[in-house]
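Descriptive structure summary
Given next are the chains, with one letter for each unit.
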Amino acid sequence: MVVEGVGSNPEDQTEGGGFTEQDLLLGKTAVKSIRALCAVGFVVCFGIAIFVFMNVPWGTRMPYDGKYNRSGNGIPMQIAMLPCLVVLFGFWRGRKKSDAHQMRKGSRIGLYILGTGIILAAVIGQWIMGQSILVSGGYLAG
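Throughout what follows, the structure given in this document is the object of discussion. Keep in mind the model is a prediction, meaning the values are calculated, not measured. (Residues numbered from 1 in each chain as written. Predicted model: local features only at pLDDT ≥ 70, side-chain atom pairs only at ≥ 80, totals over all residues. Heavy atoms only, no water.)

1. Concerning the nonpolar core
Core analysis: the biggest nonpolar cluster contains 26 residues, and Val52 and Ile133 have the highest contact counts within it. When contributions to this core are tallied by element, the ones reaching two or more residues are α1 (21-55), α2 (77-80), α3 (82-94) and α4 (105-136). Ranked by residue count, the leading element in this core is α1, at eight residues. (Core = buried A, V, L, I, M, F, W, Y, C linked by side-chain atoms within 4.5 Å. Buried < 20%, exposed > 50% of the residue type's maximum accessible area, 1.4 Å probe, protein only. Helix = DSSP H or I, 4+ residues; strand = E, 2+ residues; numbered from the N terminus.)

Here is the structure:
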């Protein structure tokens, strides 16, 4: 007994769990594009971190005057430069899964929009943190 329903047409499916060949091909292209963008963003963030480390005294702290730090000291610049690098590295590694390319049109559009937004936010965040550390370290005029 054959039950007709969603995904029961063998011409519309491949061995990829109901994804068409075009879906898998376009998914691979999307994953490659975002991984390349991640690599570029990681290199840019790493370059910003190296520039900051070379031009600011090692004991410089990131300025912080929020309500959770009563001492008035910020976090060390070495720790402040890590979060954006970690986010980009994690996002890049997530695209290396064996089933990362299995996505339909909506997922691909979301990956392009949100993925690019996450990468740009990480690079801009690294730029802003680097700039504030350079100001507090005396390299830039604040």
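2. A closer look at the pattern of salt bridges
Inspection of every chain in the model, using the stated rule, returns one salt bridge. Residues aspartate 23 and arginine 108 are paired through a salt bridge, measuring 3.4 Å at the closest nitrogen-oxygen approach. Of this pair, aspartate 23 sits in helix α1 while arginine 108 is found in helix α4, placing the two residues 85 residues apart along the sequence. Arginine 108 matches aspartate 23 in its accessibility class, with the two residues each being buried. (Salt bridge = Lys/Arg side-chain N within 4 Å of Asp/Glu carboxyl O.)

3. Let's talk about the side chain of threonine 60
By secondary structure assignment, the location of threonine 60 is in the loop between α1 and α2. On the accessibility criterion, threonine 60 (11% relative accessible area) is buried. A distance of 2.8 Å separates a polar side-chain atom of threonine 60 from the backbone oxygen of proline 57. (Polar contact = N/O pair within 3.5 Å; in protein donor to acceptor, adjacent residues only side chain to side chain.)

4. Points about a nonpolar patch on the surface
There is a patch of nonpolar side chains on the surface, built from Val87, Ile109, Tyr112, Ile113, Leu114 and Ile118 and spanning about 550 Å² of accessible area. It is α4 that provides the largest number of residues to the nonpolar patch, a total of five residues. Structurally, isoleucine 118 can be placed in helix α4. (Patch = residues over 30% accessible without salt bridge, like charges linked within 9 Å, V, L, I, M, F, W, Y side chains within 5 Å. Areas by Shrake-Rupley, 256 points an atom, 1.4 Å probe, with all protein chains shown as cover.)

5. What about the packing of α3 against α4?
The interhelical angle for the contact between α3 and α4, taken along N-to-C directions, is 155°, at an axis separation of 9 Å. What the angle tells us is that α3 and α4 run roughly antiparallel. Every pair of crossing elements has a handedness; the one defined by α3 and α4 is left-handed. Here Cys84, Leu85, Val87, Leu88 and Phe91 of α3 come into contact with α4, specifically with Leu111, Gly115, Ile118, Ile119, Ala122, Gly125, Gln126 and Met129. In terms of residue class, the contact of α3 with α4 is made up of ten nonpolar, three polar and no charged. (Axes fitted to C-alpha atoms, helices over the stretch in contact; angles between N-to-C directions. Parallel < 35°, antiparallel > 145°, perpendicular 65-115°, else oblique. Left-handed = near helix turned anticlockwise from the far one by under 90°. Contact = heavy atoms within 4.5 Å. Nonpolar A, V, L, I, M, F, W, Y, C, P; charged D, E, K, R; others polar.)

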